[in-house]
Every structure is written in C-alpha cells, then in structure tokens.
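# Observations on the three-dimensional arrangement
One letter stands for each residue in the lines below.
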Amino acid sequence: MKLIHCADLHLDSRMTSNLNKDKARERKAELLDTFTRMVDYAAENDVEAILIAGDLFDTRNISATARNVVRDAISGHEEILFFYLQGNHDTEHFFADWEDMPENVKLFGSSWRSYPLGSGSVVVSGLELSMENAAGAWHSLILDPTNFNIVMLHGQEAETGAKDQAEVIRLRDLKNKGIDHLALGHVHSFQHGKLDERGTWCYPGCLDGRGFDECGDHGFVLLDVDEETGACQRSFVPFASRRLHTISVDISGCEGPSEELERIQESLEKAEVSERDLLKIVLTGEMDVEDETYTEFLKKRLEPDFYFVKISDETTLRVDAERFYLDESLKGEFVRTVMAQEDLSDEDKAGAIRCGLRAIAGEEVLECD
C-alpha cells in the first residue's frame, strides 16, 4: 500500500516578499499546480491515500481559484483518500462550506480519530492540537500494536526550529505508543528520525519553497507499506516547481566587476543552479573602503539567466588609516577626522568613510553603507 505524507503547502500565499506583481501571481499559480501534479502522481502510481498534515492554505481568506482547484483535484480522484488535519494557518471553513462532503475526505478534530485502510491493518489516527487539548493528548492515544499505525499531528517538535508558533510536540511523550510513522507538519524542511525501537517521526517539509528561508529540495514523503508484514519503505520525493538558493560568495581580493562576476559564476556552477531557480547571492569577504561591490551591475548581468536574482552585500570594510595619515588633501583630512571619533565603532567609521569618499569624488550617494 502506497501513501503520500505532505504538509505545509500554504496554497494561496501572496508571494510578494521578493517578487513583483506578475511573478508573484505566477508563483501562486505554480503552488496550486504543484498540488494538482502531486495528486496526479498519486493516481498514476496507485497511491491509496494522501496525508495532509496541516497548513493546506496560507490564510483564512481563500481565493475562488485556489478553492476550486483543490475541490476539483479531490473530487476528481474518488479512488484516493485525502486525510486532512488542520494546521495553525488553516481555516475550518474550507471543507465546512462544501454542501456534499466527498466520501474520500477524512477529517480530524479536537479528540483522536482513527481510520482503517485497505484490509484494516493500516490505521491512520490524528488529532488537531490546541491549547485546550495539548496537555492530555498523549495520554488518550491508544493504538492496537498489531496494526501499522500512522499518527498525524501538526505542531512544533520541541527541538526542531520553525518560523511560526504552534503547539509543542514532545517526541518523548509519543514513545512506546505503538506508532510506526509519526506524520508531522509545521516545519518547512524535510526532517526525520527514530521515534523509538518501532517507529519513526517525519516532517516532509513544505511542498514548494516560497522564500529564501525555504531553500533546497522540497516535496513529499512516499510510504510503501506491506500490509501483511508491516514493513515500510520511506522515500523523500523532490517535487517543487522551482528551487530556491542562498549562496555566499567571498569576493575578497577581487579587482573590479569582472572578477566579482567570475567568482559568482564559479559558485553557481558548483551549486548546480538551474535557470528556473530563484537565487539570492550574499557577497562576503573584506573590501577596501575605496573599493566597490557593483551589486546593481552584477544583478543586471545575472537576471537574464535565472527566474529571479537578489544580491545582498554583507562584505566588511577595511580602512588602511596609515595610507591617509600624511595625506594633506581633503580626503586625508576627512579620513583622519572620522577615525578620531571615539564614539563610533570600526564598522560605522568604515561606512562613513566610504560614503564620504564617494561624495568627495563627486559620485552620487544614495545611501551610506
């Protein structure tokens, strides 16, 4: 028996953090397309059930497009069971608004619910955590150890980082409960580990990355369970429409924009960045206070080769004070004056000097680094 464990799809996200209006609209559509492609994958590969461990949508105000696409995908695949457990971003109104709830949708609530699959030897149990039920939830979980038990929860595993607040799940409270696969949602990267001698816990991560805090491969987890023996093969299936990358490039010692661009391109080749991908380049290293990093030029050169490019300058500035010590020009006097300011940090002095030297040279100064 094959099952898909996914979570944190965040359909209908605004996608405007980095993208312009047109690309944000395109990425919203791509998130929906990734969901429908996953359902098609399930149908083509004889997957019996899709376990959605929370945050199917991103907000309570779901657009008509997102609502209808999801409805059509579920209603159009009656042969697939959809187990839907609400997350902290979800709203109870999505399925509640359906006049005729499809028989292939299985929901959970504030107390444990269990659903047998196939011959009955595979059982999916779930609980929607809240402040009211979290404290006693683990004591009320009773499972038949002769079954292959899947338990669905959405929340923050105590030692795993996530960017949003959710109910805390302590793995030690779920040990020795007869769980074979703990299907979790809330953490946006693929993570898994041993729960106890019998079972494993797993966050599949989000189905498609949305921002540069969600870089790398994203997709779902495919379970293949032998109903007779209870043996299970688990595999992570990369499935996102695009990948996001954050790549640090040390440009120390570069003399001019051509060398900086060459060093960036070398890093991109090593990272195997595709033209479909979204890219954030972080420039690092130490630069002389009179040197430029040419961020706008670099961005302009790279933009045609990738779906989206962002460049962040995190280089540090080096001031060679001795070089200006005997300089009797306005530039030398300015540098000595700034270096003498005891209330400024070295970083602030370097930034002020770079800004001032640009102004003295007659360059347009839009902001001080």
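Going by the structure above, here's the rest.
Residues numbered from 1 in each chain as written. Predicted model: local features only at pLDDT ≥ 70, side-chain atom pairs only at ≥ 80, totals over all residues. Heavy atoms only, no water.

### Regarding the packing of helix H1 (residues 21-44) against helix H2 (residues 64-75)
The angle between the axes and the distance between the axes are what describe a pair of packed helices. Contact geometry of H1 with H2 gives a least axis separation of 10 Å together with a crossing angle of 5°. On the basis of their axis angle, the class for H1 and H2 is roughly parallel. Here Leu32, Phe35, Thr36 and Val39 of H1 come into contact with H2, specifically with Thr65, Ala66, Val69, Val70 and Ala73. Considering only residue class, the contact of H1 with H2 consists of seven nonpolar, two polar and no charged. (Axes fitted to C-alpha atoms, helices over the stretch in contact; angles between N-to-C directions. Helix = DSSP H or I, 4+ residues; strand = E, 2+ residues; numbered from the N terminus. Parallel < 35°, antiparallel > 145°, perpendicular 65-115°, else oblique. Contact = heavy atoms within 4.5 Å. Nonpolar A, V, L, I, M, F, W, Y, C, P; charged D, E, K, R; others polar.)

### Considering the nonpolar core
If you look at the biggest cluster of nonpolar residues, it comprises 41 residues, and the most contacted ones within it are Ile4, Phe35, Ile50, Leu56 and Phe220. For this core, the secondary-structure elements that each account for two or more residues are strand E1 (2-6), H1, strand E2 (47-52), H2, strand E3 (81-84), helix H3 (93-96) and strand E13 (219-225). Among the elements that line this core, the one with the most residues is H1, at eight residues. Membership of the second largest hydrophobic core comes to 21 residues, among which are Met1, Leu85, Leu117 and Met152. (Core = buried A, V, L, I, M, F, W, Y, C linked by side-chain atoms within 4.5 Å. Buried < 20%, exposed > 50% of the residue type's maximum accessible area, 1.4 Å probe, protein only.)

### Some thoughts on the pairing of strand E6 (residues 122-126)
With five of five residues buried, E6 is to be regarded as a mostly interior element. Burial of the side chains of E6 extends over both faces: Val122, Val124 and Gly126 are buried on one face and Val123 and Ser125 on the other. Across five bridges, the pairing between strand E5 (residues 113-117) and E6 is antiparallel. Within E6, the position partnered with arginine 113 by the bridge is glycine 126. Between the antiparallel neighbours E5 and E6 lie four residues, among them glycine 118 with a positive phi of about 55°. Across five bridges, E6 lies against strand E7 (residues 148-154) in parallel orientation. The residue bridging serine 125 from the neighbouring strand is valine 151, located in E7. (Pairing = 2+ DSSP bridges.)

### Considerations on the pattern of salt bridges
Counting across every chain of the model gives twelve salt bridges. When the shortest N-O distance is used, the salt bridge between arginine 27 and aspartate 208 registers 3.6 Å. With arginine 27 in helix H1 and aspartate 208 in the loop between strand E12 (200-203) and E13, this pair connects stretches of sequence that are 181 residues apart. Owing to a relative accessible area of 1%, arginine 27 belongs among the buried residues under this scheme. Look at aspartate 208 and you get buried, because its relative accessible area is 2%. For aspartate 58, the salt bridge is made with arginine 210, and the minimal N-O distance between the two is 3.3 Å. Placement of aspartate 58 in the loop between E2 and H2 and of arginine 210 in the loop between E12 and E13 is noted, with a sequence separation of 152 residues between them. Within this structure, Arg27, Glu30, Asp208 and Arg242 form a network of salt bridges that share partners. (Salt bridge = Lys/Arg side-chain N within 4 Å of Asp/Glu carboxyl O.)

Distances and angles like these do not, on their own, reveal function.
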